[in-house]
Amino acid sequence: MPKPTIRSAQLISPFGVGSLCEIDGQSFFVRGTGSWAKGYNLEKIEVGSLTDWLRPRQLRKPTESVAILRFPHWHFCPECRKMTRWTPEKDKQNLKDDGSLPKPTCDGGKCKNARLVPMRFVAACDNGHIDEIDWYWWGHRSHEPAKDGACSRQTARLHFEVTGKSGGDFSSMVIRCSCGSSGSLEGIADGPLPQKCRGYQPGEQSSTCVDPDNKRNPGVPKPLYMEPRGSSSLHYASVISALDIDGDTEKDSWEKLRADAIYKSTLQTARMLADLQGGDTTMAIQATRPNLEARAIDVGITLEDALACFEVDLGTSPAETGPTPPADEISQQSILDQEFPVLANPKGQNSRWLIARPEKPTSRFGLDDLFERFVRVERLREVRAFRGFQRRNVSDKHAMISPSLGRQQPDWLPAMMVLGEGVFLEFSNSAIAGWRKENEEQIEEFTQSHLVSAEALGLPGRMGFNANPTFIMVHSFAHLLLNQLSFDCGYSSTSLRERIYCGTDSEPYAGLLIYTADSDAEGSMGGLSEMGAPERLEDVIYRAVSRSQWCSGDPVCRELDAQGVDGLNRAACHACSLVAETSCTFSNVLLDRVLVSGDGRKNGRDVREPVGYFSKVLGG
């Protein structure tokens, strides 16, 4: 086969460093950044709202290739069921003349070069390591040398067979050896594997793996657990993203002004005048203002931009030294706090990478009471940086594995860039406050346990959100709107993405951005931003809210206290509210459509539901 390829957007998530990706029926491990080709292959990405605060500050986008390795090495033939360990040496031996990668095939005479299939399961530990399962042990765990004969790992010939009994569960999967011994996989998912972690990452040097929770035997490695190759719990990526809101149109205008010879002379005169006044710049600014007005007209910029630039150059503005970096690395929530006022600006935005045109909602369906404004985002640029990953259990107890996979950490992080468009909706703070006050008891009952569980799992800090009922409502509405927009604007649902803006209870604000998430096939066709016009968006909102009243899984879906990952959802399932993993930035948790369209009735379990925020849209 030619070189395996994936879309550039997938290299951050779900196929970032340390993940397993399946390409053309083959399984590959994405190696650490220390193994990636350097030089022209790595394009530098700059976005001030992210690179000014992130550590390390440099972001690099691979333009040609990244290092991968075939994993797992163990394969089986679907015809004869023989297991083969297909190592990197076999790839080198079978490399084709044109340099393309060979496809593993069975060497059995009757199989006619049947394609080998990677084994379905791998071993992983909570410290982020991944390894092969010891298939020899599973085939010989009940081995009796007197009955089955002598056998060694070097000479054993293994087969992976499925008997078809027991409904296809693990007890029907058997590892059989040529020595006559065999063993089923029963119990392989019930607890730790018999093998211990050796700190392994494919293609990388083994590191130390220690289980800090084991007080009886300090220093022993973490236990390994079986995980399916395609399991999402095998790779939890830590990704931070930012919109380019720097407004480099303003910066460009400052550079134009600073290149003007008369402006330079005016600035020099003002500095001399300020020195004569003991450093007070008030008189200098007043004296040079008429000259600045003339320079702004000649250069073609606004007087406001000219004055702002002049104050910085004269030393009167704190912007001269720039903002003070935070003591800790910036969080995703901090970035969202910076972006919201830019997107919610009633004057809009018109810079190189962000064009936002706000409009007021009309009184149709009462949406002018629920939203402050709709914004057509005709152009945006988003940068996503990959900071590391965890396996199996996401917890502060388990260290984040860096993109270098144990090698010396490079001074950059892998990143990618999205150019697209979107629709932004700013919620009314007064309407949200009124809704929460009127339904305080019911909202508390429907959200408190889920918010507490999310806090206990550390999700707000890791995913970047403020855990409160407003967030659950906005997030649930985002999913409903995303699904409806995919029907109405021509984009596939997987090419759209949400961005939730939600403040704290003490400093409330709420907003929602639905935007294109692809950097290639579906970047910016114009269909999504056009839906931001009030006359179109209001119809979309009405249809989305109306559909949320009923789910094909009702009444079960609507009346469950907990469902989904870690039981963090209420009325939300695949039939009504869940979206693709690439579209949701919060792993499809903390969702409840009742908060969107509930009518305050008692459900079948005699529990009174809260009135949904959008109940008035439906005439409630």
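Residues numbered from 1 in each chain as written. Predicted model: local features only at pLDDT ≥ 70, side-chain atom pairs only at ≥ 80, totals over all residues. Heavy atoms only, no water.

S.K.: Help me out: how do you make sense of the layout of surface pockets in this one?
M.R.: Rolling a probe over the atoms, with the probe sized like a water molecule, indicates the empty space that remains. Of the voids in this model, the second largest pocket is the one considered here, and its volume is about 870 Å³. Around the second largest pocket, the lining is made up of 29 residues, and of these Lys3, Pro4, Ser65, Val66 and Ile68 lie nearest the centre. Secondary-structure elements contributing two or more residues to the lining of the second largest pocket are strand S1 (20-23), strand S2 (26-30), strand S4 (58-62), strand S5 (68-70), helix H2 (88-93) and strand S19 (412-427). (1 Å grid on protein atoms, 1.4 Å probe; cavity = no way out; pocket = protein on both sides within 12 Å on 5 of 7 lines; lining within 4 Å. Points joined across faces, edges and corners; volume = space filled by probe spheres on them. Helix = DSSP H or I, 4+ residues; strand = E, 2+ residues; numbered from the N terminus.)

S.K.: How should I be thinking about the confidence of the model for the protein in this particular structure?
M.R.: Predicted coordinates in regions of low pLDDT should not be interpreted in detail. Residues with a pLDDT of 70 or more make up 92% of the protein, whose mean pLDDT is 86. Element-level pLDDT for the protein is lowest in helix H5 (residues 248-258), with a mean of 62, against a maximum mean of 96 in helix H18 (residues 594-597). Across residues 317-327, where pLDDT falls below 50, the model places twelve contacts with residues more than four positions away in sequence or in other chains. (pLDDT = per-residue confidence, 0-100. Contact = heavy atoms within 4.5 Å.)

S.K.: Just to check I follow, could you spell out helix H9 (residues 332-343) for this structure?
M.R.: In an α-helix, one full turn covers 3.6 residues, which means residues spaced three or four apart are oriented alike. Helix length check: H9, at twelve residues, gives a terminal C-alpha distance of 16 Å against a target of 16 Å (1.5 Å per residue), a fit within 8%. Of all the residues in H9, the buried ones are Gln332, Gln333, Ile335, Leu336, Glu339, Phe340, Val342 and Leu343. Within H9, the buried residues cover an arc of 165° as seen down the axis, which keeps them to one side. (Expected span 1.5 Å × (residues − 1). Buried < 20%, exposed > 50% of the residue type's maximum accessible area, 1.4 Å probe, protein only. Arc of directions from axis to C-beta.)

S.K.: Quick question: what am I supposed to make of the packing of aromatic side chains here?
M.R.: To describe a pair of aromatic rings, one takes the distance between the centres and the angle between the planes. Considering all chains together, one arrives at 24 aromatic pairs under this definition. Look at phenylalanine 340 and phenylalanine 424: their rings are 6.0 Å apart centre to centre, the planes differ by 65°, and that puts the pair in the edge-to-face class. Highlighted residues: phenylalanine 340 in helix H9 and phenylalanine 424 in strand S19, separated in sequence by 84 residues. Neither residue differs from the other here; phenylalanine 340 and phenylalanine 424 are each classed as buried. Plain terms: the ring middles of tryptophan 435 and tyrosine 613 are 5.8 Å apart, the flat faces sit at 80° to each other, and that makes the pair edge-to-face. Of this pair, tryptophan 435 sits in helix H11 (residues 429-438) while tyrosine 613 sits in the segment after H18, placing them 178 residues apart in sequence. Taking relative accessible area as the criterion, tryptophan 435 reaches 6% and is therefore assigned buried. In textbook terms, an aromatic cluster arises when at least three aromatic residues are bridged by ring pairs, as seen for Phe371, Phe374, Phe427, Trp435, Phe477, Tyr613 and Phe614. Above the plane of the ring of phenylalanine 446 lies arginine 570, whose end atom (NZ or CZ) is 3.8 Å from the centre. (Phe/Tyr/Trp six-rings, centres within 6.5 Å; stacked < 30°, edge-to-face > 60°. Lys NZ or Arg CZ within 6 Å of the ring centre and 35° of its normal.)

S.K.: Please explain a negative patch on the surface as it appears in this structure.
M.R.: Negative charge collects at one region of the surface, where Glu440, Glu441, Glu444 and Glu445 lie side by side. You can see glutamate 440 is positioned in helix H12 (residues 440-456). (Patch = residues over 30% accessible without salt bridge, like charges linked within 9 Å, V, L, I, M, F, W, Y side chains within 5 Å. Areas by Shrake-Rupley, 256 points an atom, 1.4 Å probe, with all protein chains shown as cover. Salt bridge = Lys/Arg side-chain N within 4 Å of Asp/Glu carboxyl O. Lys, Arg positive; Asp, Glu negative; His and termini not counted. Charge placed at Lys NZ, Arg CZ, Asp CG, Glu CD.)

S.K.: What is the right way to read the environment of arginine 141 from this model?
M.R.: In this structure, arginine 141 sits in the loop between helix H3 (135-140) and helix H4 (145-148). For the pair arginine 141 and glycine 598, spaced 457 residues apart in the sequence, the C-alpha separation amounts to 56 Å. Non-local contacts of arginine 141, meaning those with residues more than four positions away in its chain, are made with Ser184, Leu185 and Glu186. A distance of 3.2 Å separates the side chain of arginine 141 from the backbone oxygen of glutamate 186, its partner in a polar contact. (Polar contact = N/O pair within 3.5 Å; in protein donor to acceptor, adjacent residues only side chain to side chain.)

S.K.: Honestly, the sheet that holds S5 in this entry has me stumped. Any pointers?
M.R.: Note: strands within a sheet are paired through backbone hydrogen bonds, in either parallel or antiparallel orientation. Overall, antiparallel pairing links the three strands, which are arranged S1-S2-S5 in an open sheet. Only two strands of the sheet have a single neighbouring strand rather than two, namely S1 and S5. Shown here is a sheet whose adjacent strand axes are inclined to one another by a mean of 40°, direction ignored. Relative to S2, S1 is paired through four bridges, and the arrangement is antiparallel. Across the sheet, residue glutamate 22 finds its bridge partner in S2, namely serine 27. (Pairing = 2+ DSSP bridges. Axes fitted to C-alpha atoms, helices over the stretch in contact; angles between N-to-C directions.)

S.K.: What is the right way to read unusual backbone geometry from this model?
M.R.: Excluding glycine, residues mostly carry a negative phi; peptide bonds, for their part, are mostly trans. Between phenylalanine 71 and the following residue, proline 72, the backbone shows a cis peptide bond with an omega angle of 0°. Within the secondary structure layout, proline 72 lies in the loop between S5 and strand S6 (74-76). Cis geometry marks the peptide bond from aspartate 554 to proline 555, where omega comes out at 5°. Relative to the assigned elements, proline 555 resides in the loop between helix H16 (534-547) and helix H17 (556-559). We note that lysine 112 has phi near 55°; this positive angle belongs to a residue other than glycine. In this fold, lysine 112 is placed in the loop between H2 and strand S8 (117-118).

S.K.: I'm lost on the sheet that holds strand S13 (residues 182-184) in this one. Help?
M.R.: The strand order across the open sheet formed by three strands is S11-S12-S13, and the pairing between neighbours is antiparallel. The open sheet has two edge strands with one neighbour each: strand S11 (158-162) and S13. Each neighbouring strand pair of the sheet contributes to a mean axis angle of 20°, computed without reference to strand direction. Pairing between S11 and strand S12 (residues 173-177): five bridges, direction antiparallel. Counted as the bridge partner of phenylalanine 160 is isoleucine 175 from S12.

S.K.: What am I meant to see in empty space enclosed by the protein here?
M.R.: For the coordinates displayed, the defined rule picks out one cavity of 30 Å³ or more. The volume enclosed by the largest cavity comes to roughly 40 Å³. Together, Phe446, His450, Ile472, Leu568, Asn569, Arg570, Leu590, Leu591 and Asp592 line the largest cavity.

S.K.: How should the pattern of salt bridges be read in this particular structure?
M.R.: Once their charged atoms are close, side chains differing in charge can pair, the charge on each being opposite to the other. This structure, assessed with the given rule, holds 35 salt bridges. The salt bridge partner of aspartate 91 is arginine 70, with a shortest N-O separation of 3.0 Å. Here aspartate 91 is found in helix H2, whereas its partner arginine 70 is found in strand S5, with 21 residues between them in sequence. Among the residues examined, aspartate 91 registers a relative accessible area of 10% and is labelled buried.

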